[in-house]
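Letter by letter, the chains look like this.
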Amino acid sequence: MVTTSSNITKSGLDNGLEQNVGPINGSLWNAWRQRVEAVRDLRFSLDGAVVENDLVQIPETSCDNVAERDFLPTQGDLDAAGYTIKEAVALSRSTIPGQRALALHLLASVLHKALHNIYLNPVGSTLVNNNKVDSAVDWEALWAFALGPEPELILSLRMSLDDNHNSVVLASAKAIQCILSCDLNENFFDFLEKTSIDAKDTYTAPIFQSKREIDVGFLHGGYWKYSAKPSNILLCGDDIVEDETEGMQTIQDDIVVAGQILLQIEPAAPLEECMISILIAIARHSPMCANVIMQCQRLVQTVVHRFTANNNVGVYPSKIKSVCLLKVLAQSDRKNCGQFIENGIFQAMTWHLYQITYFLEQWLKLGRENCKLSSALMVEQLHFWEVCIQNGYGVSYFSNIFPALCLWLNPPTIEKLVENNVLSEYAAISEEAYLVLESLARTLPNFYSQKCLSDRIAEGADDNMETWSWSHVGPMVDLAMKWISFKSSLIDSQNGMKGNSVFCDKSFSPFLWVYSAVMHMLSRVLERVIPEDTIGLQEDGGHMPCLPDFVPKVGLEIIRNGFLSFECVNSAEYGTNWAGCSSFIEQLCSSRQQSEFETSLASVCCLHGFFQVFIFINNLIQLAKAGVCNPSQVHNFSQEENILARGILMESLFELRCVFSIFSKFVASEWHFMQSVEVFGRGGPAPEVGLGWGSSGGGFWSKTDLLAQTDARLLSQLLEIFQIVSIKVLPLTDERTFTLQMIHSALGLCLIAGPRDKVIVEKALDVMLQVPMFKYLDLCIQRFIQGNGRMKLYGWEYKEDDYQFFSKTLASHFRNRWLSNKKTLKALSGDRTSKGSVSLETIPEDMDTSNVMCQDHSSTLLVMEWAYQRLPLPMHWFLSPISTLCDSKHAGLGRDCDIQNFLQDPSDILEVAKAGMFFLLGLEAISTFISEDVASPVQSVPLIWKLHSLSIILLIGMAVLEEEKSRDVYESLQELYGQLLDKTRSKRRPETILNMSINLLPETGKKCDVEFLRFETEIHESYSTFIDTLVEQYAAVSFGDLIYGRQVAKSKKFSFKSQLNMH
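All of these numbers come straight from a predicted model, not from anything done at the bench.

Thoughts on a nonpolar patch on the surface
Residues Ile 356, Tyr 358 and Phe 359 make up a contiguous nonpolar surface patch of about 350 Å² in total accessible area. Note that Tyr 358 resides in the loop between helix H15 (345–349) and helix H16 (360–364). By relative accessible area, Tyr 358 is classed as exposed at 57%.

If you want it as structure tokens, here you go:
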């Protein structure tokens, strides 16, 4: 079971009453400020380690002669050992070059050690200050202080880039490289690219969420915004190299210009590698930063020139990074990719791909180090080509490059690779080659169509987008099938599957990535075979005119090589013992549960590719079955052919359910991580992507979250499979149990999905909002009310039309409320504080920045921005139907706090609220039937938010209580939350509450009280104003309604207690 240090608990009772413990006078921000201030006086040695003053004796020297001193303190004790951050920054401005280089080296070491320790911290451990490696140092606070305004580190680093001593410039570049966490970020991007599940990367710019508004009931989950104004990056409409803009450039602009100058003077290899790494990090920051680099044309030309000028020297790291830089620029904007193709830059940077290696021995003669470098370069070049293909360019190069790829597309001789210790390098090239083929398969016209239709072209592409030819597909499928057969030599022993698999050895796990790429390539090809009008074809009772021969061949090869089990399996032991696995799918599940990160991630990606292939083969065979066979032919089929004809998914239903059970447990234990990252808003550790911004464990971009999101995608795919394969073949009890698991899993998926995973939320909503699911929720509500004893039984029942209305209403609401992108172009300007000729600009939290960041988002097809969208969802997202007081499309965009301005059409709000209350009561009901050892997303939502949501909907008046059904549902929710509140209060006697509410803060050692219900701190600081409005509404429209009055009384009572505790 995965553990987490967040405040989320399995039960919403405790979490609803006691959380976010902080100092008496303030919130988490004060505690964080104290932590940052505490690291100001820490002293460090040259290797970045903290120095204890009482352990180091410094010889007496004269303070006047700095040339004779190894240490140059500028504050505090002059004889203290080591340097503080501020002292090191001051020393970096010394008149002695050696001291400048030494100080910068020290700063880079400190930052590197801090980043390393932060990365090893558990995700979401910021609050508990749990340093995994060195518990004596608060590395997150140290990182924040070093990059803050007080030490002026950034300014010193920028000045050092202009130094005339190469050692100083190199030390400065290494420090900047560490600040931007270039290596860690690139390592993460490498894993992201390997998954091949989603082609989109994500920008790393710091972001924050807009503040909560009354029109959305103060719910969390506002639109994300950039922390920096775009004018801090690039002056719109101006060229950054023009003299008249020199005085208004930003630090990042200066780094780009400095990089251009340094590369033009032919720096040493280490400095060149550092500068290109920094440029890559800047290009990954945001669309504006990528645009900065592209507008500096001489910089791009210099990078290409230095790459091509050293063709005879061999492969070295800066060449690899140069290709990576152009790849990132091509990803950021399709126009950049077009320029690289038209100007011949792509051909110049990928000429190695045309060099044919005929035999494996020819490559092995290069030696291990050269094989390693050539492999890394080829992988980057292939990925550069893949990006161009995804943008609609470079497809025509296939015929010329394919001969050079033949060696890598075929299964190798394992013994030779192991003997030369280059198995990983070979597998990396093979994997990327098949990912290129997958991208080519995306451009295929439909197999039954004679033209490339517009919906097959990437959004933003022009009419001249290149397409691949079906004449090339057959040989590629044959090569892929060799890998399917090759599995037996990798995994099966001579006596069958007895667990003697080379995949048990970590060194062979790279081949899992190859199988993942092969399967994803096959799935893309099969996808292009499915007729475009499949629904119409089924309704008309027709069948496909002809089925390509490779479709049944692939299916039969998969069945014959034991990829799936078609027998009943023991679900309790499934995937727990590699030696007892009955199929390759089970072995991959075992590998996911028992292996380290990379092997686990590769196993999940393999499973995703396999299931995608299974889905398409199953659908194609079923569509074509009427045309390819008749009852008299069935008797002549082999066992494998009969399985294929009956349906590969239906025949493996038992194994699919076992896989679903395993990954539903993974998701249930992982969604906490995504909910524990964004804590401080705009202050403290930045709650955004990018390891270098100080987020514990890497924040949203930790390996933990990447694996969780990959698990979620696989579980989402399994939910899609069970929509294809009817579970009605199961006994009624098993069917209802499985339906409960599907809904619970879908809720977990919604909490894991990030900006790249919008499709996961859409599929989860499709599962939960189906009419049969509402029927099941209704059944659970009836069982729950009957078993409660204190709730009133309903004298009415819902009809089919009601379920359909709920499904349609909530589907529209949730998509508009949570999945829509911000499109408003309201012209607002930032606050400007003038000082001389320089304007310092900031972004208020309630400012709409879409006007200044507006650009053609369709051109950034391959890269996602965190800004302008809401994912990941807050834990209480399902409360939005009864907490939103305006049209869902405009939720969170209001700026006027007058509540009446939001009630444009109360009738629409009422209909959404009715559906939302039924959905909420159904979720509460099914959460009581879930095992206690499984964390429920519904029960983990603090009770305070549920009580508050029942109050919010009353602002529209008595309408929700006037209709019988909605009134009874509202009363049931009110009674349920009242029971939970009473149950929690009864468990805490006054003295027990006092003892449990005293918490010791690790940062200060002080005690603080926990309020009973924190309306003011949890929901909104002016919550008393909201309560006053609710009371006035009750007096004006309720006519003494009992249910309305009970809700007002509860809100008023506990809000008043909260205010007393605060004072």
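That was the structure; now back to the text.
Brief notes about helix H34 (residues 771–788)
An ideal rise of 1.5 Å per residue puts 26 Å on 18 residues; H34 measures up with 26 Å between its terminal C-alpha atoms. Every buried residue of H34 is listed here: Val 771, Met 773, Phe 774, Tyr 776, Leu 777, Asp 778, Cys 780, Ile 781, Phe 784 and Ile 785. Positive backbone phi, at 90°, marks Gly 789, one or two positions downstream of H34.

Section: the packing of aromatic side chains
This model, assessed by the stated rule, comprises 42 aromatic pairs. Here the aromatic rings of Phe 346 and Tyr 397 are separated by 5.3 Å at their centres, their planes lie at 15°, and the arrangement is stacked. In this pair, Phe 346 sits in helix H15 while Tyr 397 sits in the loop between helix H17 (368–390) and helix H18 (398–409), placing the two residues 51 residues apart along the sequence. Per residue, the accessibility class of Phe 346 equals that of Tyr 397, and both read buried. Ring centres of Tyr 798 and Tyr 803 lie 6.4 Å apart, and the angle between their planes is 50°; this geometry places the pair in the tilted category. Residue classification places Tyr 803 among the buried residues on the basis of a relative accessible area of 8%. By the ring-pair criterion, three or more aromatic residues cluster together here, those being Phe 774, Tyr 794, Trp 796, Tyr 798, Tyr 803, Phe 805, Phe 806, Phe 814, Trp 877, Phe 878, Phe 918 and Phe 919. Over the ring of Phe 307 we find Lys 319, and its NZ or CZ is 5.2 Å from the ring centre. In this structure, Arg 870 packs its charged tip against the face of Tyr 223, placed 4.0 Å from the ring centre.

Quick notes on the packing of H17 against helix H20 (residues 423–442)
In the contact formed by H17 and H20, the axes pass within 9 Å of each other and the chain directions differ by 10°. Looking at the two axes, H17 sits roughly parallel to H20. Taken together, the residues of H20 that come into contact with H17 (itself represented by Arg 368, Cys 371, Lys 372, Ser 375, Met 378, Val 379, Leu 382, His 383, Trp 385, Glu 386, Ile 389 and Gln 390) are Glu 425, Ala 428, Ile 429, Glu 432, Ala 433, Leu 435, Val 436, Ser 439 and Leu 440. Classifying every residue of the contact of H17 with H20 by side-chain character gives twelve nonpolar, four polar and five charged.

Section: the pattern of salt bridges
Tallying each qualifying case throughout the model produces 34 salt bridges. One salt bridge connects Glu 272 with Arg 306, and the closest N-O pair in it is separated by 2.8 Å. Of this pair, Glu 272 sits in helix H10 (residues 269–285) while Arg 306 sits in helix H12 (residues 297–309), placing them 34 residues apart in sequence. For Glu 272, a relative accessible area of 4% corresponds to the buried category. Classification of Arg 306 by relative accessible area gives buried; the value is 13%. Asp 766 is paired through a salt bridge with Arg 815; the nearest N and O atoms lie 2.6 Å apart. In this pair, Asp 766 is assigned in helix H33 (residues 758–768) and Arg 815 in helix H35 (residues 800–819), connecting sequence segments 49 residues apart.

Here we look at the packing of helix H32 (residues 732–752) against H34
Between H32 and H34, the shortest axis-to-axis distance is 11 Å and the interhelical angle comes to 105°. The orientation of H32 with respect to H34, classified from their angle, is roughly perpendicular. Here H32 contributes Arg 736, Thr 739, Leu 740, Met 742 and Ile 743 to the contact with H34, which in turn contributes Met 773, Tyr 776, Leu 777 and Leu 779. In the contact of H32 with H34, the residues fall into seven nonpolar, one polar and one charged.

Scoring rules and cut-offs
- Residues numbered from 1 in each chain as written.
- Predicted model: local features only at pLDDT ≥ 70, side-chain atom pairs only at ≥ 80, totals over all residues.
- Heavy atoms only, no water.
- Patch = residues over 30% accessible without salt bridge, like charges linked within 9 Å, V, L, I, M, F, W, Y side chains within 5 Å.
- Areas by Shrake-Rupley, 256 points an atom, 1.4 Å probe, with all protein chains shown as cover.
- Salt bridge = Lys/Arg side-chain N within 4 Å of Asp/Glu carboxyl O.
- Helix = DSSP H or I, 4+ residues; strand = E, 2+ residues; numbered from the N terminus.
- Buried < 20%, exposed > 50% of the residue type's maximum accessible area, 1.4 Å probe, protein only.
- Expected span 1.5 Å × (residues − 1).
- Phe/Tyr/Trp six-rings, centres within 6.5 Å; stacked < 30°, edge-to-face > 60°.
- Lys NZ or Arg CZ within 6 Å of the ring centre and 35° of its normal.
- Axes fitted to C-alpha atoms, helices over the stretch in contact; angles between N-to-C directions.
- Parallel < 35°, antiparallel > 145°, perpendicular 65-115°, else oblique.
- Contact = heavy atoms within 4.5 Å.
- Nonpolar A, V, L, I, M, F, W, Y, C, P; charged D, E, K, R; others polar.

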